[in-house]
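# Results of the structural survey
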Amino acid sequence: KGLIQEEDLGVVKTLFSKLKALHRASKDSFWPIIFRNSFAPVMIRDKFDFVVGNPPWIAWKAMSKSYRAGTLTIWQSYGIFEKNAYDKKTTHDDFGMAVTYVSVDQYLKVGGSMVFLLPASFLKSTKGGEGFRKFSIIRNGQSIPFKVEEVHDFSCVSLFTIPTVAIKFSKGTEMTYPMNRYRFYTQIGRKSKIDSHANWDYVQSILEYCDKLAQPVDKEDAQSAWLTLEDMRFANNVLNPNVERSYKGRKGIEPAGAKGVYILKEPKKARKGYLNIENDMSRQRRQDIIDKGVHKGCIEETYIYPMLGGRNIAKWYVKSNEFMLVPHTAEFKYGVPEGILALEAPETFQWLNYYHDELLDTRIQNGKFFNKDTQPFYRLDNVGTYTYSPYKVLWKEQAGSMSAVVVSSYYESVPNANRELFSEDKPIVVDSKVLMLDVYEEMEAYYVCGIINSPSIIEVVDGYAISTNRGVDVLKYIAIPKYDSDNDLHTKIADTSKKIHQKKKEKGACANVCELESKLNRMI
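Since the structure is predicted, the reported quantities are computational estimates derived from the model, not experimental observations.

Before going further, it helps to spend a moment on the sheet that holds strand S10 (residues 263–264). Across the sheet, which stays open at both edges, the four strands sit in the order S10-S17-S14-S20 with mixed pairing between neighbours. Looking along the sheet, the strands with just one partner apiece sit at the ends: S10 and strand S20 (429–430). Bridge count for strand S14 (residues 304–308) against strand S17 (residues 322–325) is four bridges, and the pairing is antiparallel. Residue Pro306 lies in a different strand from S17, and its bridge partner there is Phe323.

In structure tokens:
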């Protein structure tokens, strides 16, 4: 409506009639042609002024081994895949990236325009997309740049299953920043699911938008994730590459496909030093472990820890907790050796041994750098001295907006902690859906948390981290000065952050928290 000129109506009607006939005959899908033919080094003689499409979205790690092997050369020939051996196994890159490059290369004229519907992670992920954001065709000795001319971001619109953007590319022009045609849409009122068959007039009436600037979050790395904001001045200070980074985020414990074994339902006291346990099989996806079933037992309390997952934490406070079996120590970061565990905690060893074959299989298939000849079959990933730190700053990997909390021990941080459960207080561990910073001084933890929880910093983080992907890079990019207890501003930030944490534990303290957050934000 309003987009088609009178003289073009005949062409549009003919095109629609042909598409309708093809659709009814199930012959309208262009992507199988790409799959079958476009990976051959053959150029189409007549390219197009306009290319429009919605390519398939298939995560690399979800693809079959045969399809990975069959398409790896195409990724490499375009320079999209720039990974080491382990990252190739776990990358968040998507097959749609390769299809986009093939389409720009083989179907689009120099000077032409292409619009694709793609996951927002292609532009904003810190875990993948670096090669995609090169925006250059280098295959077969070519050197043809292309650029993102315009983006319409529907990440906050309830229409697609994942955060989605419509990107307009133009071929033959270098990408430059900041890019000033980034339109961000939100829904007006209640964010209910939009019917995919709704007409545009209706959809337009329930959407509002703002126009933003876009640039790489790391100015020294043009292929880093995109930052999108209406005003970049504050962000440029926050992301200053000349400030030394003193803090490094880490991922929580990864059970490598065996979450239903290691996460426990709330243990019960058996006798001194021993707990009755039952693993939470509702957390398990791998079928061979599900088939093995729940395993109850009475084991030593030594390696049972209070655990926090994404569902257990919120901004400034802990809501609840779970429990996890972690057969590691700070000394044995790759797992307590089997001989030592069998000697010092025999009931724990026997309980784990019930799942021996299944755990070994998951380790071999899913784990990082696992060596079955030197490491125990129950080894977990992402465990080190940091796992047992006395203080931690935590934030969710997946959240609508950045939110962090400081935690210390079980008794100190978990509401309604069972003080009769353990012989002594225990440090809190976190699962793989939670990111963390290990800290060894209380006020330093509150200082860092206060900074990343302040509204102005959240706006910057939300500007480059999509809701499904808030990784360890949150701390990599923010130029947080090292905490100095002699610095008056640092101590005020830490004190205010601690007060907010305390207020959040009280009922009806919302107004006080808002006031303190405003005070904190002015300091930041």
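This brings us to the sheet that holds strand S13 (residues 296–300). Overall, antiparallel pairing links the three strands, which are arranged S11-S12-S13 in an open sheet. This sheet does not close on itself; its edge strands, each paired only once, are strand S11 (268–271) and S13. On average, adjacent strands in this sheet sit at an angle of 35° to one another, irrespective of strand direction. As paired elements, strand S12 (residues 274–278) and S13 share five bridges and run antiparallel to each other. Looking at the pairing, Ile277 lines up with Gly297 of S13. Set on the sheet, helix H12 (residues 346–353) makes contact with S12 and S13; between it and S13 the angle comes to about 145°.

What follows concerns the pairing of strand S7 (residues 207–216). Pairing of strand S6 (residues 179–187) with S7 involves seven bridges; the strand directions are antiparallel. Across the sheet, Phe184 pairs through a bridge with Cys210, a residue of S7. As paired elements, S7 and strand S8 (residues 226–229) share four bridges and run antiparallel to each other. Across the sheet, Leu213 pairs through a bridge with Leu229, a residue of S8.

Here we come to the packing of helix H15 (residues 442–452) against helix H18 (residues 488–504). Packed helices, taken two at a time, are described by their axes: the angle between them and the distance between them. One can describe the packing of H15 onto H18 by two numbers: an axis separation of 7 Å at closest approach and a directional angle of 85°. Taken together, the axes of H15 and H18 lie roughly perpendicular to each other. Contact residues: H15 offers Glu442, Met443, Tyr446, Tyr447, Cys449, Gly450 and Ile451, while H18 offers His490, Ile493, Ala494, Asp495, Ser497, Lys498 and His501. For the contact of H15 with H18, the class distribution of residues is seven nonpolar, four polar and three charged.

Topologically, Gln142 is positioned in the loop between strand S3 (136–137) and strand S4 (144–156). Since its relative accessible area comes to 19%, Gln142 is described here as buried. Side-chain polar atoms of Gln142 contact the side chain of Asp105, separated by 3.3 Å.

This part takes up a nonpolar patch on the surface. On the surface, Ile4, Leu9 and Val12 cluster together into a nonpolar patch covering about 210 Å² of accessible area. Note that Leu9 resides in helix H1 (residues 9–24).

With that out of the way, let us pick up unusual backbone geometry. Excluding glycine, residues mostly have negative phi values, and the peptide bonds linking residues are mostly trans. Look at the link from Tyr177 to Pro178: it is a cis peptide, with omega at -5°. Locating Pro178 in the fold gives a position in the loop between strand S5 (164–171) and S6. With a phi angle near 60°, Asn416 is a residue other than glycine that sits in the positive phi range. Tracing the backbone shows Asn416 in the loop between helix H14 (410–413) and S20. Looking at Asn416, the relative accessible area reads 80%, which means it is exposed.

Reading the values: rules and limits
Residues numbered from 1 in each chain as written. Predicted model: local features only at pLDDT ≥ 70, side-chain atom pairs only at ≥ 80, totals over all residues. Heavy atoms only, no water. Pairing = 2+ DSSP bridges. Helix = DSSP H or I, 4+ residues; strand = E, 2+ residues; numbered from the N terminus. Axes fitted to C-alpha atoms, helices over the stretch in contact; angles between N-to-C directions. Contact = heavy atoms within 4.5 Å. Parallel < 35°, antiparallel > 145°, perpendicular 65-115°, else oblique. Nonpolar A, V, L, I, M, F, W, Y, C, P; charged D, E, K, R; others polar. Buried < 20%, exposed > 50% of the residue type's maximum accessible area, 1.4 Å probe, protein only. Polar contact = N/O pair within 3.5 Å; in protein donor to acceptor, adjacent residues only side chain to side chain. Patch = residues over 30% accessible without salt bridge, like charges linked within 9 Å, V, L, I, M, F, W, Y side chains within 5 Å. Areas by Shrake-Rupley, 256 points an atom, 1.4 Å probe, with all protein chains shown as cover. Salt bridge = Lys/Arg side-chain N within 4 Å of Asp/Glu carboxyl O.

Interpretation in functional terms is not warranted from these geometric data alone.
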